[in-house]
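Single-letter residue listing:
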Amino acid sequence: MKDIIDKYVSKLEQAELAEPGQALLGFLDADLVWNREDPQTEILEGVFERININSLLFSPPREPYRSIISYLCRTNEGRILPEDCETRTFIHDIPVVPSLDPERLTQALRTRKAVMVQDRGIVAYGWVSPEQAYILYSSVCFACFVKFFSDYLQDSKNGSVAPEQREVLHKALSYLDPLPEEPDAELERGPFRDKARMIRAMDEAGKMVVGYKLVDSFFGNISYLYGDTLYISQTSSSLDELIGHIDPCPLDNSSCAGITASSELPAHRDILRKTGHLAVLHGHPKFSVIMSMDCDKRGDCDKEGECFRRCPEQREVRGYPVVPGEVGTGPFGLCRTVPPAIEEDKGVIVYGHGVFATGARDFNQALRGLLDVERNCREEYLRRIGE
Amino acid sequence: MYGWHGKILCIDLREGKSSTLTLPQEVYGAYIGGKGLAGYLLKERMSLGWQDPDMPLVLMTGPLVNTRAPTSGRMCVMSRSPLTGTLADSSVGGSFGSTLKKAGWDGLVITGQSRELCGIEIRGSQCSLSPARALQGMGVSQARERLEGRASSLIIGPAAENGARLANVVVDSHFFAGRNGLGLVCAAKNLKYITVLGEGKTKVWDPEGLQRAGEDINRLIAASPVLSGDLGLSSFGTGALYDLMDSRRMMPADNFRHTHFPAATEMNAPAYFREYSPKKAGCTGCRIQCKRRSRDKRPMPEFETMSHFSALIGNESRETVVEANRLCTEYGLDTISTGATLGCYAEVTGQELTPDKILGLIEDIAHCRGEGADLALGSAAYAAAQGSPEAAVTVKGQELPAYDPRGAYGMALAYATSTRGGCHLRSYPIVHEILRKPVVTDRFSFAGKARIIKIAEDMNAVVDSLTACKFAFLSATLEEYAKALTAVTGIEYSQQQLLDIGERIYFRERMLNCANGFTASDDDLPERFFTHKGGSFEDLEVPPLDREAFLEARGNYYRIRGLDGEGLPLPKKAKELGLWA
Ligand code: SF4
Ligand SMILES: [Zn+2]
């Protein structure tokens, strides 16, 4: 049990979502195990006693999330409504409680899986594994980042940015790593004729995507067409831990063994059919998500409120198409919108969600594609807010 | 009341009389419906034998049934099990639950024994009994043709009438209230069928709130590859799991002596699709639609049936599987238990089962004749009578489904703790151990599994009370369904509050079983899983389960559930849950 919690605490620190030594993660089977001793565990144990969960995470977020979240907690009354689509689909909204108190935490956690404690941090739980708590924590950071920057852009257009808001923005911007024009290292060169090499290449590309922070906890996905079989990351797999988590899916659907493959399998397959390429990368880079939701027609469109699935406009950011589409294969699934929009050398942005990019032979081009979209979106963002 | 009608129809078959039971809203609020409410109504009589006329057969819907809540049109059937002696319950789909609700009833409580074979006919608020002598010994589809065509139906086949403990109840010709031998309880009451017609609505407190909750749920269903993906349940039916189980080396083969079936690639869902081009079907109010029918109108086998009628008994003929499935449906036999009992037979007799032999044995079981007379009592009774009790792969006397526990340790623990004997659905740990939702857990480890199983049992007790379909919960959670329930009933529910209710429902089942003599020795797995390895997978061998680790996990489960070391309910816990009389 201890090894499982240690793993997720260290992932949290590596992803720069928590300062080293700050997170508390408890895992309960018949007995409760914590990652370390701390007087605050007593408060959290009160939560374990009151609700049916098996893991609980509490940590102050690291900068820039810390300033962003504190600001959002102060300025949103009791509840934060995320704007990006995945957070909305999976965690709906995030309650804010004023203090780290078992009764208040329990009350909020009775209806939601993660809460924010004003100026203290984020609390999230799991009922299957500590990994859930880690994912929820990370999603809250992602959702708050996207919301803060989206709101700022709107307010700056309306000329209603508050001084405190601007201060938080500057602080947050100072923490952003620069995005390179080119990946720092070349990835394994394709096309691959050897399965083991291909799997290695997928693993390497996945780690790079995570390294450049082009995904959030909802993971993203990756695939490669090898002969007549599409090798694709499994659902709920992390791009930095792909070995053993890749499903072979024969294109003729002669086996259902890939039932555990990423929900974006049909999108990947049709993207490759359309482009004739071999590699697909899908991530959730933050500024691409933010920019995809910046629309001048707001307030003047009968589909508003359903932009993420029904947007009727041909939209783009610096030439990169923005399409609507929900996760998966529903009637508004992104598998229906992304493949028609994708072109050889250019990524496609899905409204409020993320980016798809492809490579003709290997993941070098696809990774460059993801980086290009995100770098352009970040630059465009700064231009639009006049920074 | 909103969501519930507040009316339960009670029918006494001995007197031929019916009456209306009204329960206070608090009881509905506290037990929700379905399994929760059925258990509440049965608790006083659970010490009676299944054949006792006073032992009720309860059919109970839930508040979400016949509303726009997604995938929520099911019904719970409950009594005491002729196969295991435990409490027996089953969640059944089709349209019976929805139609009963349309007729203005939350459920039925049937007691007594009719003097001759009879049927119950419900038209809205009216209920009558009619003689069913003319249907005696008739298969399900044949009997169905003689009944009111527009009605939803619940029928038993000849297997139940002849005394088979593997007998199911069949709804709308194709949907099983499966496991535990519930068909035999109907037969003991001389009840051949029930039909119901109704057109009413269920009152909903906040239709817009329900619409919103429904959209949240549907979005999650659409985002789930297992449910809605190209290879998922909605595309290939439950048979979509077949390849996965074999590739993970947990497909029970040769009566659980191996965990891999070399012919699996020829017996998978795509192979059936190529041969039979089946059409989609499913329950009322569900967009997943996981059932299939062949062009010649035969029900297509589901995952468990595909697996047990192929790998478990060494059969490589798809047509034999389809035909075995048709026979089981027609005769009202549980396909998991029947397939597993044939596997046990093959091991005991050392015989190879040819297609003719398989179909012949099913006929014999349904008619309780020849060797079939012993097999119809289930594998535990059969194997014991043959002097080879170890060949029965059962828990509490019920045959195990098609997930080998050596390949998923949560499943091993879940089989052992299930209150209705060998069953995967009480907590379905396959969701995280294999299907990776909401996150993946280490399938070869017991770490953390005891609490996960306990929470999932509580959760599924709620799902079966709502009465929703468990498949929706491969993606949605009680968080979304609590919103739907609140919108329907006007009573504020949270996910955690529902789990507390689920705990009370499940703990009560444990209490009822213990009162009937069940102890820790019944919460165990057949010995072969601790002594023999399964298959190998890539470079990985599937070893036998470690008995010590299993017992430790079971001990943890007992502590978490509030049981003593013998698996008996602790009075303190019972009091805390308000279940102490
Ligand atoms: S998923 Fe299948 S079993 Fe469940 S309600 Fe839908 S059709 Fe019925
Ligand atoms: Zn995505």
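Just so it is clear, the model here is predicted, and its values are computed rather than measured. (Residues numbered from 1 in each chain as written. Chains lettered and ligands numbered in written order. Predicted model: local features only at pLDDT ≥ 70, side-chain atom pairs only at ≥ 80, totals over all residues. Heavy atoms only, no water.)

1. Looking at the interface of chain B and chain A
Quoted interface sizes are often the accessible area lost when the parts come together.
Consideration 1: Counting residues at the interface gives 55 residues for chain B, matched by 54 residues for chain A.
Consideration 2: Linking chain B with chain A are seven salt bridges.
Consideration 3: In this structure, the salt-bridge partner of Asp230(B) is Arg269(A), at a minimum N-O distance of 2.3 Å.
Consideration 4: For the pair chain B and chain A, the interface holds 24 residue pairs in polar contact (both at pLDDT 80 or more). (Contact = heavy atoms within 4.5 Å. Salt bridge = Lys/Arg side-chain N within 4 Å of Asp/Glu carboxyl O. Polar contact = N/O pair within 3.5 Å; in protein donor to acceptor, adjacent residues only side chain to side chain.)

2. Quick look at the state of the cysteines
In a disulfide, the sulfur atoms of two cysteines are held together by a covalent bond.
Residues and elements named next belong to chain A.
Consideration 1: Under the criterion given, the structure shown has zero disulfides over all chains.
Consideration 2: Among the cysteines around Cys-144, which has no disulfide bond, Cys-73 carries the closest sulfur, lying 7.0 Å off.
Consideration 3: Relative accessible area serves as the criterion here: at 0%, Cys-144 is assigned to the buried category.
Consideration 4: The thiol sulfur of Cys-311 is not disulfide-bonded, and the nearest other cysteine sulfur, from Cys-295, lies at 6.3 Å. (Disulfide = S-S within 2.5 Å. Buried < 20%, exposed > 50% of the residue type's maximum accessible area, 1.4 Å probe, protein only.)

3. A closer look at the coordination of the zinc ion (ligand 2)
Residue and element names in this part refer to chain A.
Consideration 1: The protein atoms that coordinate the zinc ion (ligand 2) are His-282 (NE2), His-284 (NE2) and His-353 (NE2), at distances of 2.0 to 2.1 Å.
Consideration 2: Spacing between the donor residues of the zinc ion (ligand 2) along the chain follows H-x1-H-x68-H. For the pair formed by His-282 and His-284, the shared burial category is buried. (Donors = N, O, S within 2.8 Å, 3.2 Å for Na, K, Ca; no water.)

4. As for the nonpolar core
Consideration 1: Of all hydrophobic cores here, the largest spans 320 residues; its most connected members are Phe149(A), Phe363(A), Tyr381(A), Ile122(B), Ile194(B), Tyr403(B) and Ile430(B).
Consideration 2: Of all the elements, helix α6 (residues 130–158) of chain A adds the most residues to this core, at 15 residues.
Consideration 3: With residues up to four places along the chain from it excluded, the contact list for Phe363(A) reads Leu187(A), Ala201(A), Met202(A), Ala205(A), Ile222(A), Ser223(A), Tyr224(A), Ala279(A), Val280(A) and Leu281(A).
Consideration 4: Ranked by size, the runner-up nonpolar core spans ten residues in total, among them Ala132(B), Leu135(B), Val140(B) and Leu147(B). (Core = buried A, V, L, I, M, F, W, Y, C linked by side-chain atoms within 4.5 Å. Helix = DSSP H or I, 4+ residues; strand = E, 2+ residues; numbered from the N terminus.)

5. With respect to unusual backbone geometry
Consideration 1: Across the junction of Glu63(A) and Pro64(A), the peptide omega takes the value 5 degrees, indicating a cis bond.
Consideration 2: By the element assignment, Pro64(A) lies in the loop between β3 (55–59) and α3 (65–75).
Consideration 3: Residue Thr467(B) follows Leu466(B) across a cis peptide bond; omega there is -15 degrees.
Consideration 4: One non-glycine residue with positive phi stands out, namely Asp119(A), at about 60 degrees.
Consideration 5: On the secondary structure map, Asp119(A) appears in the loop between β6 (114–117) and β7 (121–126).
Consideration 6: Positive phi is not limited to glycine here, since Lys297(B) has a value of about 70 degrees.
Consideration 7: By secondary structure assignment, the location of Lys297(B) is in the loop between β14 (291–293) and α12 (303–308).
Consideration 8: By relative accessible area, which is 66% here, Lys297(B) ends up exposed.

6. Overview of the domain arrangement of chain A
Residues and elements named next belong to chain A.
Consideration 1: Domain assignment breaks chain A into domain 1 (2–174) and domain 2 (195–384).
Consideration 2: Each of domain 1 and domain 2 has a C-alpha centre, and the two are 26 Å apart.
Consideration 3: On the side of domain 2, 26 residues touch domain 1, which itself brings 28 residues to the contact.
Consideration 4: When residues of domain 1 are sorted by the area they lose upon contact with domain 2, Glu-86, Phe-142 and Leu-153 head the list and together hold 26% of the total.
Consideration 5: At the surface where domain 1 touches domain 2, the tally comes to six salt bridges.
Consideration 6: When the shortest N-O distance is used, the salt bridge between Asp-296 and Lys-157 registers 3.2 Å. (Domains from an automatic or database assignment. Buried area = accessible area lost by both parts, 1.4 Å probe.)

7. A look at the sheet that holds strand β8 (residues 126–131) of chain B
Strand pairing in a sheet takes place through backbone hydrogen bonds and is either antiparallel or parallel in direction.
Residue and element names in this part refer to chain B.
Consideration 1: Strand order in the open sheet made by the six strands is β8-β7-β12-β9-β10-β11, with mixed pairing throughout. A strand with exactly one partner marks an edge of an open sheet, and here the two such strands are β8 and β11 (175–177). Direction aside, neighbouring strands of the sheet carry axes that sit 20 degrees apart on average.
Consideration 2: As defined by bridge partners, strand β9 (residues 152–155) adjoins strand β12 (residues 191–197) across four bridges and the pair is classed as antiparallel. Within the sheet, the bridge partner assigned to Ile-155 lies in β12 and is Tyr-193. (Pairing = 2+ DSSP bridges. Axes fitted to C-alpha atoms, helices over the stretch in contact; angles between N-to-C directions.)

8. Thoughts on the side chain of Glu433(B)
All names here are of chain B.
Consideration 1: Secondary-structure assignment places Glu-433 in helix α19 (residues 430–433).
Consideration 2: Note on Glu-433: relative accessible area 3%, which makes it buried.
Consideration 3: There is a polar contact of 2.7 Å between the side chain of Glu-433 and the backbone nitrogen of Gly-410.
Consideration 4: For Glu-433, the residues in contact, after removing those within four places along its chain, are Ala-408, Tyr-409, Gly-410, Met-411, Val-440, Thr-441, Asp-442, Arg-443 and Lys-449.

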